[in-house]
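What follows is each chain in one-letter form.
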Amino acid sequence: MLLAKFDPPANSTDFDSIPNQRTAWSDTLSFWFTGEVRGVEQSVGAGHSQFYNPHTTDTPNPSTTAAISWTGFPKLVTSRHPGSHQAALQEADALLSDSDGPFRQQDEYCEWFATKVAGSNKIARVDFTCEGPEYWFAMAHGYPDSIPANVKTANAHGDKNKVLALYQKLVSPTVKMSDLFKNGVYDPRNKWNTTKGAVHLTHPANTLEAEINIAAQATILRARQGQLLTDQDALICCAGYGTPGRASDPTIGGRVNALARQGASITLANPVGLYISSLNTTGWVTPDGTPASTFWTIVRGTAGLGLRGVFQVPASKGYTVSDIKIGGVPIRFGGQIAEHILMKLTGVACRIGASHNPPKNCIPTPPPECAGHAHFMALHGASEPFDAAPPPHGKTRR
Amino acid sequence: MRLRHPMAKHDAKKTARIVRSLPFQPAAPALARHVGSPLASAAVEEVLDVRNIQGNILAGFNKDHQALLFLKITDAAKAKRWLQFITPSIATMDEVVSFNRLFKAMRARRADEPCGLVATWLNIAFSRDAIETLTSSAEAARFRDEAFQAGLPARSPLLGDPTALHAPGSPKNWKFGRPGAIPDVVLTVASDDVNALQEEVDHLKTTLKKIPGATASGGSGLTLMFDQRGNTLPGALRGHEHFGFKDGISQPAVRGRLSEAPDDFLTARYVDPADSRAKLLSTPGSVLVYPGQFVFGYERQDANGDGALPFDPTVVPAWAKNGSYLVIRRLRQDVKAFRDAMSKQAKRLAKEQGFKGVSAATLAAKLVGRWPSGAPVARSPEADDEALGKNDFANNHFAYQDDTTPVPLKNAPPHRPDDFAQSRADLFGFSCPHAAHVRKVNPRDLATDTGGAHDTLTRRILRRGIPYGDPLPRTAGSTSSANTADRGLLFVCYQTSIENQFEFLTNHWVNATAAPEDGGFDVIIGQNGGDAARQRTADLPAPIDPTQTLTFTTEWVVPTGGGYFFAPSIEALATVLSV
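Peer 1: Give me the overall build of chain B: which residues, what numbers.
Peer 2: A tally of helices and strands in chain B yields 16 helices and 16 strands. Across its three principal directions, the C-alpha atoms of chain B cover 75 × 60 × 45 Å. A buried classification covers 58% of the 579 residues belonging to chain B. In chain B, once contacts between residues fewer than 6 apart in sequence are set aside, the share between residues at least 24 apart is 73%.

Following this line, the structure appears as structure tokens:
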């Protein structure tokens, strides 16, 4: 059956009070999905995309869902500090900057902000978010800024006051409208979302559209030198649909491509989103023996479909987050918690075995991270020869 | 062959003077090599310092009888003299590889185990505090692994171990390695012959009371805290663990050469070089891993590709080169509880669509991922296949993400051809569930929560465990006292990062419901420290019918001892830790 409409991430109700906003969001998602299908078709030919828009293409029975999970702490940062866990934790907390302003280098679709106890280095609370910036832009203006005018037919214009109210609720009551909007346009890199807090994702690669793009591009079968690629690292280097070395991108792409190799049609489950799946606090030791899991609250989204989580010790306990130990080490960085957060998205596979697309060649210039990574052959599975085909076209998540 | 302590033959009075003045000399080369299949492209692999690396790390003792002797340093100066005395007795990788090759060659020729070929080996490792005692706090602090610095009792909750005071699995109740009573030194003694083992252990205990040849009064500066024995199980269970499953089949195939000869590999290569996979595999399914994952000073596995990363000298002091972290866990196995749980769940499951008639044996095999013979469920989903389980060129050749294809071999020793059914793509876990033990601890070709299949190679550990205690007969009645006898596994593994290898596997994958894939705990060895009831679940999916979720509240694996140690090189032992 067809999906009647795309719902907001985790079925959030923010849009319910804004006229036509849910329709606008559904139209946005449908536009993105259709665009990605077209992008894939440039490689595989019209009508042959294994990625599909569930709003316009049927999802028949039987279909199956597959959760794809990855760890919240940025693996690229870990890789830069193989000898020092502390250095990696420290770096992950530092902000980077580009022409749009400061942003976090937490590029696994999981970003956080640690609030310190006044006058102390101890952590009072850590806020985690995985909400795409597009959602917040849409809340402010009706649609994400990348949506063309011809798609904006729902007569939705957003609600800036709603954005302000949520910022005041989530970060600080002192947030002002002028802090969030420049010349009337929402600024995703505003100070309350960067230097003073974390409301939604800021890393340029951490977008909802990027998630859809990777899922779509990964449905294209790939071959190098006549051999079908099955290895996740080989695939990301060949297709260039993300950044090698992350935990998320090779995993998402690898899982999706594995389904595509089974001849499946693939899409993302509604409500489409990036989610905090769980926080594993096993073995965390608190000063009074209270289970650390009791200090974790999903404040936006739902359990398993978390959009925002807060780790905070109630004042009544008389101790702070930094008095909790993980493996004997006190929590001094938000990243220590992120290492135990599992992120996820959910894919849908149907019509398994129905597609018989031939694999396509690799993009002409692989991502720079692939330099020096030799071989990339199947470690365990088959290495089957195929005929060469022209290179594909696709966006990248960088 | 009986390898005795060389110092035992020396004049006692001369010995102390000799060990104090003797400069470090590497051991003489052992037996000549038997080289494997030639592979010209592999000449780039590093040459391992085989006369300096302890024998159990990369070569593996593989003995039927072992003793783990846990010691406490009571007098550092005397302990150093004892270490000087014992250093020449430490078995090198060179010696152990040579013996293992001889043993293998004779077994192949005779088609039976060689009679009378016996070696008794000794290895040694130190706790973080022992290193501080024997060197300095600054040197000890240069080991950057947070787990090693904290020690196992502090990290135990992360592994899901019970924390309640009364719980047998709580570190406070362990037989060794309790908080405040962490052994400084562990000796691993291993032999093919139980009497030879006892003789060596007796000898070592004697030296602890008085160092042979020592002129100083008093003992060795070390006292014995605990003597733990392990033995392979008898009869048909040989090579199996107490639940009845063949153990230790899938070990990392470590890259590296034993000499400058281009094809003198630690791990023989039998894949036909004409096949592109020859660069990645030693045998079908055994993926080659760079030695720096297990021994400091060598190239590490690139988590994002087939290549290597250089040794990072900042993670340990310079003298730690050729050493390795050692994890020991004494895991008590409640065999009756395991069998009862499998029977009970199978009985319930057998009534459900998609699982009609399933037996306890099949359910257990599904949750392990292998049948008792070692045959992988991925290749034999319906029933055990002893011939497959026995075939070292087939029993490790399986994957989860894609179908496997035959791997052509060259110069392989005589074996039955791999004419068994290949493994089929099993993304949804219909044959081998996502929660199966072997799929949890080694997801092979799958993408995981931390990356691709190369990342998984960086998580691998070299397991050197052995069972302890007598097996529980199938015929034991429900009230038999044998049911409650202390039996289990002495889990032993080597790696260069306890955090990123052993602890990662346990905390992130074994004890997790949604990683490396969504589908539940590894209920065979997993623990749920995050739940007061310690309940574990595992999903069994079926192609058409609904997934069945199994819930277990009984624990059949309970930690009862352990520790984190560092196994130094022979040179470090002689020139740093004992001086």
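Peer 1: A description of the pairing of strand 7 (residues 286-289) of chain B should follow, citing residues and the corresponding values.
Peer 2: All names here are of chain B. Of the two faces of strand 7, the one lined by Ser286 and Leu288 and the one lined by Val287 and Val289 are each fully buried. By the bridge criterion, two bridges tie strand 5 (residues 253-254) to strand 7 in an arrangement that is parallel. Note that in strand 7 the partner of Ala253 across the bridge is Leu288. Where strand 6 (residues 281-283) meets strand 7, two bridges bridge the pair, whose relative direction is antiparallel.

Peer 1: Before we move on, can you summarise helix 5 (residues 160-170) of chain A with the specific residues and values?
Peer 2: Residue and element names in this part refer to chain A. Every buried residue of helix 5 is listed here: Val163, Tyr167 and Leu170. When helix 5 is viewed along its axis, its buried side chains cluster within an angular range of 75° and face the same direction. Along helix 5, exposed side chains directed more than 90 degrees from the buried face belong to Asn161 and Lys169.

Peer 1: Tell me about the pairing of strand 10 (residues 324-333) of chain B, residues and numbers included.
Peer 2: Residues and elements named next belong to chain B. The element strand 10 is extensively covered by neighbouring structure, given that ten of its ten residues are classed as buried. Judged by which residues are buried, strand 10 turns out to be covered on both faces: Ser324, Leu326, Ile328, Arg330 and Arg332 on one side and Tyr325, Val327, Arg329, Leu331 and Gln333 on the other are all buried. Pairing analysis gives ten bridges linking strand 10 to strand 16 (residues 557-567), with the strands arranged antiparallel. Bridge assignment links Arg332 to a residue of strand 16, and that residue is Val558. Pairing geometry for strand 10 and strand 13 (residues 488-495), over eight bridges, is antiparallel. Each residue of the ladder has a partner; that of Arg329, found in strand 13, is Phe491.

Peer 1: For the sheet that holds strand 15 (residues 325-326) of chain A, give the residues involved together with the corresponding values.
Peer 2: By definition, the strands of a sheet pair up through backbone hydrogen bonds, in either a parallel or an antiparallel sense. Reading across from one edge, 12-15-16 (chain A) is the order of the three strands in this open sheet, with antiparallel pairing throughout. Strand pairing shows two members of the sheet lacking a second neighbour, strand 12 (284-285) and strand 16 (329-330) of chain A, which therefore form its edges.

Peer 1: Could you give an account of the sheet that holds strand 5 of chain B, with specific residues and numbers?
Peer 2: The three strands are arranged 5-7-6 (chain B) in an open sheet whose pairing can be described as mixed. Every interior strand has two partners, whereas the edge strands, strand 5 and strand 6 of chain B, have only one.

Peer 1: Tell me about the interface of chain B and chain A, and name the residues and values.
Peer 2: The partner chain A presents 50 residues to the 52 residues of chain B that form the contact. Mapped onto the side of chain B that touches chain A, the elements with two or more residues apiece are helix 7 (146-150), helix 8 (152-155) and helix 14 (453-457) of chain B. By residue number, the principal contributor to the side of chain B that touches chain A is helix 7 of chain B, which donates three residues. Tallied by class, residues from the side of chain B that touches chain A come to 19 nonpolar, 19 polar and 14 charged.

Peer 1: How would you explain the nonpolar core if you had to name every residue and give the values?
Peer 2: In terms of nonpolar packing, the biggest core is built from 263 residues, with A:Ala215, A:Met343, B:Leu58, B:Leu69 and B:Phe566 touching the most fellow members. The element contributing the most residues to this core is helix 1 (residues 21-44) of chain A, with nine residues.

Peer 1: Can you tell me about the environment of B:Ser156, naming the residues and giving the values?
Peer 2: Along the chain, B:Ser156 falls in the loop between helix 8 and strand 3 (185-191). Sequence-wise, B:Ser156 and B:Phe126 are 30 residues apart; in three dimensions their C-alpha atoms are separated by 19 Å.

Peer 1: Help me get a handle on unusual backbone geometry, residues and values and all.
Peer 2: Following A:Asn61, the chain continues to A:Pro62 via a peptide bond in cis, the omega torsion being 0°. Locating A:Pro62 in the fold gives a position in the loop between helix 1 and strand 1 (63-71). Across the junction of B:Ala515 and B:Pro516, the peptide omega takes the value -5°, indicating a cis bond. Topologically, B:Pro516 is positioned in the loop between helix 15 (498-510) and strand 14 (536-540). Of note, the phi angle at A:Tyr109 is positive, near 65°, even though the residue is not glycine. Turning to its location among the elements, A:Tyr109 is positioned in the loop between strand 3 (101-104) and strand 4 (111-116).

Peer 1: Please provide a residue-by-residue account of the packing of helix 8 (residues 232-239) of chain A against helix 9 (residues 248-261) of chain A, values included.
Peer 2: Residue and element names in this part refer to chain A. Where helix 8 meets helix 9, the closest approach of the two axes is 9 Å, and the angle between their N-to-C directions is 95°. Comparing the axis directions of helix 8 and helix 9 gives the class roughly perpendicular. Here helix 8 contributes Gln232, Asp233, Leu235, Ile236 and Ala239 to the contact with helix 9, which in turn contributes Asp249, Pro250, Thr251, Gly253, Gly254 and Asn257. In terms of residue class, the contact of helix 8 with helix 9 is built from four nonpolar, five polar and two charged.

Rules of the game
- Residues numbered from 1 in each chain as written.
- Chains lettered and ligands numbered in written order.
- Predicted model: local features only at pLDDT ≥ 70, side-chain atom pairs only at ≥ 80, totals over all residues.
- Helix = DSSP H or I, 4+ residues; strand = E, 2+ residues; numbered from the N terminus.
- Buried ≥ 20, exposed ≤ 12 C-beta atoms within 10 Å, placed from the backbone.
- Contact = placed C-beta atoms within 7 Å.
- Pairing = 2+ DSSP bridges.
- Arc of directions from axis to C-beta.
- Nonpolar A, V, L, I, M, F, W, Y, C, P; charged D, E, K, R; others polar.
- Core = buried A, V, L, I, M, F, W, Y, C linked by C-beta atoms within 7 Å.
- Axes fitted to C-alpha atoms, helices over the stretch in contact; angles between N-to-C directions.
- Parallel < 35°, antiparallel > 145°, perpendicular 65-115°, else oblique.

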